[in-house]
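Examination of the molecular architecture
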Amino acid sequence: MIIHNARLRGHDGLHRITLNGARIAAIEAQHALHPIAEGDLDAAGNLVVPPFVEPHIHLDATLTAGEPNWNMSGTLFEGIERWAERKALVTHEDTKTRAKKTIDMLVDHGIQHVRTHVDVTDPTLAALKAMLEVREETRHLIDLQIVAFPQEGIESYANGRALMEQAIELGADVVGGIPHFENTRDQGVSSIKFLMDLAERTGCLVDVHCDETDDPQSRFLEVLAEEARVRGMGARVTASHTTAMGSYDNAYCSKLFRLLKMSGISFISCPTESIHLQGRFDTYPKRRGLTRVAEIDRAGMNVCFGQDSIVDPWYPLGNGNILRILEAGLHICHMLGYEDLKRSLDLITDNSARALNLGEGYGLEVGRPANLLILSAPDDYEMVRSQGHALVSVRHGKVLMRRTPASIERA
Ligand SMILES: [Zn+2]
């Protein structure tokens, strides 16, 4: 298969991309128009990019909002109450059906790489067992990383440590954590040491729900970063949310940034979820409840955007479209300056791939997997401005999804 008339980010002119089976065989500058053969694709001067990445989602909770009751206040705390009601009704098949429906929604929007957190604070590890099956059954659609996520804590939950170890043994790819939710600060610190030990011993990646609160005293990020630095594991460690950073004072943050840079860890922000759930103890002025996305980026560190929830007790909206999260995030994080806009797709492609350690399994380069998207616009700015879409998604050298844009007739 050949993709003609492709515009590539960071390159002038049009290009022709030749796929050979499941690999990219050639990428060449295109000097003249070539006839497009049957089975080839015409990018028509629009961007061709590697697939979008969903770096932070909870596939075990999606599509449950309103079952049996809606979250009326919209708060995190009522979300936990509503989830407890729904959790009582969860079955193996129910988890698999909802996860697969959600994966279809992600695929429809050009996502081919997903990292999902799965709650392992359950003595039966039922959701994890269901998601391990989903990972195998959806390999033709996405590459799925499963995080062993201790929703109710590692130290604060009965047998929390053993459940984490079991989850990794069963086949979870990534070690998770939630230090700010542990009962005490000491437990938060020891949970991080435990989970970093576990990751180091097993070779797993790390992705911690870290300081997801407006409490400026929640300072587990420094502990995670220091553990990553000392162990030389930074490239394999991600801090999700870190919303407390939006409430840290600048003096502390300037010291913290020195450590964060040395540690080499990545950051994931879920801007729509955080703007919705945080700031709830404020009247006015009201905080945005997000981490310092622009500042992390300006400091040369790796940061990307995720959806977190789709139609669950914590967040009632969402449709799988990561471009919607990008647009909202750019607004919320004060990133509509032209320098940010013209490279904004980094936040849902290359930066996310780096956080997920996709390495040579990702990117438009000869020899890499023949996974790519044809978008509806010629550059990053126009994609965001026009609220564009992924029009074609190619995976393993074959068309996985094709979208026909809406057409408008004027009188
Ligand atoms: Zn999350």
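Residues numbered from 1 in each chain as written. Predicted model: local features only at pLDDT ≥ 70, side-chain atom pairs only at ≥ 80, totals over all residues. Heavy atoms only, no water.

The protein goes by Cytosine deaminase in an unreviewed UniProt entry, where it is assigned to Ectopseudomonas guguanensis.

1. Quick look at the side chain of Ser309
Among the structural elements, Ser309 can be located in the loop between strand S13 (302-305) and helix H10 (322-332). Accessibility expressed as a relative area gives 4% for Ser309, which makes it buried. Of note is the side chain of Ser309, whose polar atom sits 3.0 Å from the side chain of Glu273. A polar contact is formed between the side chain of Ser309 and the side chain of Asp312, at a distance of 2.8 Å. Not counting chain neighbours up to four residues away, the residues in contact with Ser309 comprise Glu273, Trp314, Tyr315 and Leu317. (Helix = DSSP H or I, 4+ residues; strand = E, 2+ residues; numbered from the N terminus. Buried < 20%, exposed > 50% of the residue type's maximum accessible area, 1.4 Å probe, protein only. Polar contact = N/O pair within 3.5 Å; in protein donor to acceptor, adjacent residues only side chain to side chain. Contact = heavy atoms within 4.5 Å.)

2. Observations regarding the sheet that holds strand S12 (residues 266-269)
The parallel open sheet is built from eight strands, whose spatial order is S6-S7-S8-S9-S10-S11-S12-S13. Strands at the two margins of the open sheet, each flanked by one partner only, are strand S6 (52-57) and S13. Pairing of strand S7 (residues 111-119) with strand S8 (residues 143-149), which is carried by seven bridges, proceeds in the parallel orientation. Paired with His113 across the bridge in S8 is Asp143. Contacting strand S9 (174-175), strand S10 (205-210) and strand S11 (237-241), helix H5 (residues 185-202) runs over the sheet at an angle of about 160 degrees to S10. (Pairing = 2+ DSSP bridges. Axes fitted to C-alpha atoms, helices over the stretch in contact; angles between N-to-C directions.)

3. Side note on the pairing of S12
Burial along S12 is two-sided: the residues Ser266 and Ile268 and Phe267 and Ser269 are all buried. Where S11 meets S12, three bridges bridge the pair, whose relative direction is parallel. What sits directly across from Ser240, in S12, is Ile268. Traced from S11 through helix H7 (residues 250-263) to S12, the parallel crossover comes out right-handed. Here S12 runs beside S13; their pairing, made up of four bridges, is parallel. Note on S13: the bridge partner recorded for Phe267 is Val303. (Right-handed = clockwise from strand over helix to strand, strands pointing away.)

4. A short note on the side chain of Asn71
Tracing the chain through its elements places Asn71 in the loop between S6 and helix H1 (76-87). Given the relative accessible area of 16%, Asn71 is considered buried. Within the local environment of Asn71, its side chain forms a polar contact with the backbone nitrogen of Ser73, the two atoms lying 3.3 Å apart. Here the side chain of Asn71 touches Gly74 through a polar contact of 2.7 Å, landing on its backbone nitrogen.

5. Considerations on the coordination of the zinc ion
In a perfect tetrahedron of four donors around a metal, the angles come out at 109.5 degrees. In a perfect octahedron of six, they are 90 or 180 degrees. Each protein donor to the zinc ion is listed here as His56 (NE2), His58 (NE2), His209 (NE2) and Asp308 (OD); together their distances run 2.1 to 2.6 Å. The site at the zinc ion holds four donor atoms, and with the angles between them running 85 to 177 degrees, its shape is irregular. In the primary structure, the donors to the zinc ion are separated according to the pattern H-x1-H-x150-H-x98-D. In this pair, His56 is assigned in strand S6 and His209 in strand S10, connecting sequence segments 153 residues apart. Using a relative accessible area of 0% as the deciding quantity, one classes His56 as buried. (Donors = N, O, S within 2.8 Å, 3.2 Å for Na, K, Ca; no water. Tetrahedral: all angles 85-135°; square planar, octahedral: opposite > 155°, others 65-115°.)

6. A word on the nonpolar core
Formed by 90 residues in total, the largest nonpolar core has its most connected members in Phe52, Leu260 and Phe267. Top contributing element to this core by residue count: H5, with seven residues. Inspection of this core shows a minimum of three residues originating in each of domain 1 (2-50 + 364-402) and domain 2 (52-361). Those residues in contact with Leu260 that lie beyond four places of it in its chain are Leu221, Ala225, Met245, Ile265, Phe267 and Met301. Counting 15 residues, the second-largest nonpolar core is a separate cluster that includes Ala6, Ile24, Leu41 and Ala43. (Core = buried A, V, L, I, M, F, W, Y, C linked by side-chain atoms within 4.5 Å. Domains from an automatic or database assignment.)

7. Quick word on the pattern of salt bridges
Under the definition given, this model contains 33 salt bridges. Measuring nitrogen to oxygen at the nearest pair gives 3.9 Å for the salt bridge that ties Arg82 to Glu81. Put simply, Glu226 and Arg229 hold a salt bridge, and the shortest N to O gap is 2.8 Å. Here Arg229 and Glu226 lie together in helix H6 (residues 220-231), a separation of three residues that amounts to about one turn. You can call Arg229 partly exposed: its relative accessible area is 35%. (Salt bridge = Lys/Arg side-chain N within 4 Å of Asp/Glu carboxyl O.)

8. Re the packing of H5 against H6
Running from N to C, H5 and H6 cross one another at 30 degrees; their axes reach a closest spacing of 10 Å. When the interaxial angle is binned, H5 and H6 end up roughly parallel. In the packing of H5 onto H6, the handedness of the crossing is right-handed. Residues Arg185, Gly188, Val189, Ile192, Lys193, Met196, Asp197 and Glu200 of H5 pack against Phe220, Glu222, Val223, Leu224, Glu227, Ala228 and Arg231 of H6. Counted by class, the contact of H5 with H6 contains seven nonpolar, one polar and seven charged residues. (Parallel < 35°, antiparallel > 145°, perpendicular 65-115°, else oblique. Left-handed = near helix turned anticlockwise from the far one by under 90°. Nonpolar A, V, L, I, M, F, W, Y, C, P; charged D, E, K, R; others polar.)

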